[in-house]
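The lines below spell out each chain.
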Amino acid sequence: QLQLVESGGGSVQPGGSLRLSCAASGFTLDYYAIAWFRQAPGKEREGVSCISSREWGYYADSVKGRFTISRDNAKNTVYLQMNSLRPEDTAVYYCAAYSDLLVQCGAFRATEFGYWGQGTQVTVSS
């Protein structure tokens, strides 16, 4: 079975940091684009970051300079390092993957990604 499993979410104070992980099983991520999306209650799902198979990173304007996406192909895992967190970053974060040949990583079109994780909650509050 092809699965993506997110971990690393939690509750932090504004200005704090978290590192999210997305681990793949049943397939290897080497030739996939992997993206992070997030969705807050009452809001539409939005793209946060994406990393291509060539390790080029893309970021939404709202997180540029604060978040960093990376991948470790040996561990079949993608990470999202989140620094300087703000209350508006509160959401359920999902990782998604699909063939790099079939997606435009920086376009953040959710419909282009065929594999999704179950999500992990990130809460930023004082």
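Residues numbered from 1 in each chain as written. Predicted model: local features only at pLDDT ≥ 70, side-chain atom pairs only at ≥ 80, totals over all residues. Heavy atoms only, no water.

Visitor: Honestly, the overall build of the protein chain in this entry has me stumped. Any pointers?
Guide: Scanning the protein chain for helices and strands turns up zero helices and 11 strands. Ordered by position from N to C terminus, the α and β elements of the protein chain give β-β-β-β-β-β-β-β-β-β-β. Against the compact-globule benchmark of 14 Å for 126 residues, the protein chain has a radius of gyration of 13 Å, which places it among compact chains. Its C-alpha atoms give the protein chain principal-axis dimensions of roughly 40 × 25 × 25 Å. Of the contacts made within the protein chain by residues no fewer than 6 positions apart, 61% connect residues no fewer than 24 positions apart. When the accessible area of the protein chain is evaluated, it comes to approximately 6500 Å², of which 46% is carbon and sulfur surface. Positive and negative side-chain charges of the protein chain, numbering 11 and 11 respectively, have mean locations separated by a distance of 3 Å. (Helix = DSSP H or I, 4+ residues; strand = E, 2+ residues; numbered from the N terminus. Rg over C-alpha atoms; globule rule 2.2 N^0.38 Å. Contact = heavy atoms within 4.5 Å. Areas by Shrake-Rupley, 256 points an atom, 1.4 Å probe, with all protein chains shown as cover. Lys, Arg positive; Asp, Glu negative; His and termini not counted. Charge placed at Lys NZ, Arg CZ, Asp CG, Glu CD.)

Visitor: Help me understand the packing of aromatic side chains, please; the structure alone is not making it clear to me.
Guide: To describe a pair of aromatic rings, one takes the distance between the centres and the angle between the planes. Going through the model one piece at a time under the given rule, you end up with six aromatic pairs. Arranged with centres 5.7 Å apart and planes meeting at 75 degrees, the rings of F37 and F113 form a pair that is edge-to-face. Of this pair, F37 sits in strand 4 (residues 32-39) while F113 is found in the loop between strand 9 (91-99) and strand 10 (115-116), placing the two residues 76 residues apart along the sequence. Of the two residues examined, F37 and F113, each falls in the buried class. Looking at R45, its charged tip hangs above the ring of W116, at a distance of 4.4 Å from the centre. (Phe/Tyr/Trp six-rings, centres within 6.5 Å; stacked < 30°, edge-to-face > 60°. Buried < 20%, exposed > 50% of the residue type's maximum accessible area, 1.4 Å probe, protein only. Lys NZ or Arg CZ within 6 Å of the ring centre and 35° of its normal.)

Visitor: Please clarify how unusual backbone geometry should be interpreted in this entry.
Guide: Backbone phi values are negative for most residues with the exception of glycine, while trans is the configuration of most peptide bonds. With a phi angle near 65 degrees, E55 is a residue other than glycine that sits in the positive phi range. For N76, which is not glycine, the phi torsion reads 55 degrees and is therefore positive. Residue placement: N76 occurs in the loop between strand 7 (67-72) and strand 8 (77-82).

Visitor: I keep staring at the nonpolar core and nothing clicks. Help me out?
Guide: Within soluble globular proteins, side chains that are nonpolar generally end up buried alongside one another. Core analysis: the largest hydrophobic core is formed by 28 residues, its most contacted members being L29, W36, L80, M82 and Y93. Among the elements of the structure, strand 3 (18-25), strand 4, strand 5 (46-51), strand 7, strand 8, strand 9 and strand 11 (120-124) are those that each provide at least two residues to this core. Here L80 is in contact with L18, R19, L20, W36, V48, S49, F67, T68, I69 and Y93, once residues within four sequence places are set aside. Counting 10 residues, the second largest nonpolar core, distinct from the first, contains A35, V103, A110 and F113. (Core = buried A, V, L, I, M, F, W, Y, C linked by side-chain atoms within 4.5 Å.)

Visitor: What is the right way to read the sheet that holds strand 3 from this model?
Guide: Where strands meet in a sheet, backbone hydrogen bonds hold them as pairs that are either parallel or antiparallel. Ordered in space as 1-3-8-7, the four strands form an open sheet in which the pairing is antiparallel. If you trace the sheet from one side to the other, it starts and ends with strand 1 (3-7) and strand 7, each paired once. Adjacent strand axes in the sheet meet at a mean angle of 15 degrees, parallel and antiparallel pairs treated alike. (Pairing = 2+ DSSP bridges. Axes fitted to C-alpha atoms, helices over the stretch in contact; angles between N-to-C directions.)

Visitor: Is there a simple way to explain the state of the cysteines in this structure?
Guide: Working definition: the covalent bond between the sulfur atoms of two cysteines is a disulfide. With the rule as written, the count across this model stands at two disulfides. A sulfur-sulfur separation of 2.1 Å characterises the disulfide bridge that pairs C22 with C95. Taking the sign of the S-S torsion, 65 degrees for the link of C22 and C95, the bridge is right-handed. On the criterion of sequence distance, the pair formed by C22 in strand 3 and C95 in strand 9 is long-range, its members being 73 residues apart. (Disulfide = S-S within 2.5 Å.)

Any functional reading would require information beyond the geometric quantities listed.
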